Amino acid sequence: MTTLLASWRDPGKVAIEAAWAAREEGASLVASLEQGLAAAELDPNLVAIGLGALPNADGELELDASIMDGCDLSAGAVCGLRGIVPAISVARRVMEATPHLMIAGEQARRFAISQGFHPRNLMTAESVRRYDEWLKMPAEAERRYVHSTEESHDTVTVLGLESERHVAAASSTSGLAWKMPGRVGDSPIIGAGIYADDEIGAAGATGWGEELWKAMASFRTVEFMRQGMGAQAACEATVRHMLRRQPHSRDMACVAFALRADGDFGAATTHAEFPLWICRDGSFELRVFEALKS
Ligand code: ASP
């Protein structure tokens, strides 16, 4: 039995379907998650991640990605990667081809090129159009846009479980839309954006990266499960902790979701709604989680 979870409605659908297709062709769990995110990154019609995503305040795409294998806690990540997709595949190379955990910025790009990736312009006509539109927005409209639309959540996080209690997690993002150049969020940070440990399960985060990182949301959720909580209770405990300790976390979605090594899963968000895709051996379901009332 393989269980896959993927965050957000449109990009999550592309990622989970591609991850399952890879799985059916015999890919390992880690490779399936990578291929799922790679498909979403390479789809120019998705403004969520990779090619054609929403850029930073300078109109440039800076990508962050991470991947973790629950069997031995090995992990790899890139941040501030420019002009290379899929960023998740570069993160996997960091995990498998170097003794390191994360490579940043220009050196991540150099590393990717040394591994056979080809630089390209990631802005599409549509992402240039949206950037130009954003430049013209008055400050108040811009704030509302960034804080309320699903489109401003430029991340897909995926979790996977296969029989014999093996879990993995991966995340890819262009970060918050219109972010300050050089800003890095939670997604490439092991313990913040993703965490996977076969002893317990996997967790992922998406939404406001600064708040999720301060909370170490993914590691915290896995640790709640380690204490014996079910996946839903663990996600809610993380979100309640954030609501209590980080009052700003209610201003924008901060999401934790989790997949326990026994197949139990759950999700919770501080704000608005969170759509989560679930695939169990090829049967797909979209579940929408409402914000927790604290
Ligand atoms: N967490 C990501 C970041 O802050 C954004 C998102 O999940 O939408 O970079």
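For every chain, the first residue of the written sequence is number 1, and numbering continues from 1 along that sequence. Only residues with pLDDT of at least 70 get local features here, since the model is predicted, and only at 80 or more are side-chain atom pairs given and counted; chain-wide, interface and lining totals rely on the full set of residues. Excluding hydrogens and water, the side-chain figures rest on all heavy atoms present in the structure.

### Quick look at the site of the ligand
Step number 1: When at least one non-hydrogen atom of a residue lies within 4 Å of a molecule or strand, that residue is treated as near it. Lining the immediate surroundings of the ligand are twelve residues, of which Thr 155, Arg 183, Asp 186, Thr 206 and Gly 207 lie closest.
Step number 2: N or O atoms within 3.5 Å of each other form a polar contact, as long as, within protein, one can give a hydrogen and the other can take it, and as long as residues adjacent in sequence are counted only when both atoms are side-chain atoms. One nitrogen or oxygen atom from the side chain of Thr 155 is found 2.7 Å from an oxygen atom belonging to the ligand.
Step number 3: Separating an oxygen atom of the ligand from a side-chain N or O atom of Arg 183 is a distance of 2.7 Å.
Step number 4: Surface burial for the ligand is 100%, taken as the share of its 270 Å² of free accessible area covered by protein chains. The Shrake-Rupley method, run with a 1.4 Å probe, gives the accessible areas here. Residue values count only the displayed protein chains as cover.

### Considerations on the side chain of Arg 23
Step number 1: Counting from the N terminus, the helices are DSSP H or I runs at least four residues long and the strands are E runs at least two residues long. Tracing the backbone through its elements, the reader meets Arg 23 in helix 1 (residues 9-24).
Step number 2: Of the polar contacts made by the side chain of Arg 23, one reaches the backbone oxygen of Ala 27; its length is 3.0 Å.
Step number 3: Leave out the neighbours within four places in its chain, and Arg 23 touches Thr 2, Ser 28, Leu 29, Ser 32 and Glu 162. Residue contacts follow a heavy-atom distance rule, with two residues in contact if any of their heavy atoms lie within 4.5 Å.

### Examining the UniProt feature "active site" (unreviewed entry) in the protein chain
Step number 1: UniProt records the feature "active site" (unreviewed entry) at Thr 155, using the numbering of this structure.
Step number 2: Looking at the secondary structure, you find Thr 155 in strand 5 (residues 155-162).
Step number 3: Setting aside chain neighbours within four positions, we find Thr 155 in contact with Ser 7, Trp 8, Ala 48, Ile 49, Ser 171, Ser 172, Thr 173, Ser 187 and Thr 206.
Step number 4: Side chain to side chain, Thr 155 and Thr 173 meet in a polar contact 2.7 Å long. UniProt positions are given in the numbering used here, feature names are shortened, and annotations may be inferred rather than shown by experiment.

### Re the UniProt feature "binding site: substrate" (unreviewed entry) in the protein chain
Step number 1: Here, the residues flagged by UniProt with the feature "binding site: substrate" (unreviewed entry) are Arg 183, Val 184, Gly 185, Asp 186, Thr 206, Gly 207, Trp 208 and Gly 209. Among the residues just listed, Arg 183, Gly 185, Asp 186, Thr 206, Gly 207 and Gly 209 line the largest cavity.
Step number 2: With respect to the helices and strands, Arg 183 occurs in the loop between strand 6 (166-173) and strand 7 (194-197).
Step number 3: When accessible area is computed with a 1.4 Å probe and restricted to protein chains, residues below 20% of their type maximum are described as buried, those above 50% as exposed, and intermediate ones as partly exposed. Take Arg 183: its relative accessible area is 14%, and that puts it in the buried class.
Step number 4: Arg 183 has contacts with Glu 62, Gly 175, Leu 176, Gly 209 and Glu 210, leaving out every residue within four places of it along the chain.
Step number 5: With respect to the helices and strands, the residue Gly 185 is situated in the loop between strand 6 and strand 7.
Step number 6: On the basis of relative accessible area, Gly 185 is assigned to the buried category, the value being 4%.
Step number 7: If near-sequence neighbours (up to four positions away) are discounted, Gly 185 is found in contact with Asp 64, Gly 209 and Trp 213. We place a 1 Å grid over just the protein atoms. Points where a 1.4 Å probe fits but has no way out form a cavity, open points with protein on both sides within 12 Å along at least 5 of 7 lines form a pocket, and any residue with an atom within 4 Å of a point lines it.

### Here we look at the nonpolar core
Step number 1: Grouped together as the largest cluster of nonpolar side chains are 50 residues, with contacts concentrated most on Leu 4, Val 78, Leu 81, Ile 88, Val 90 and Val 158.
Step number 2: For Leu 81, the contacting residues outside a window of four places in its chain are Leu 61, Glu 62, Leu 63, Ala 87, Val 90, Ala 108 and Arg 109.
Step number 3: Trp 8, Met 68, Val 222 and Leu 243 belong to the second largest nonpolar core, which has 37 residues in total. For the purposes of this section, nonpolar cores are sets of buried Ala, Val, Leu, Ile, Met, Phe, Trp, Tyr and Cys residues that join through side-chain atoms within 4.5 Å.

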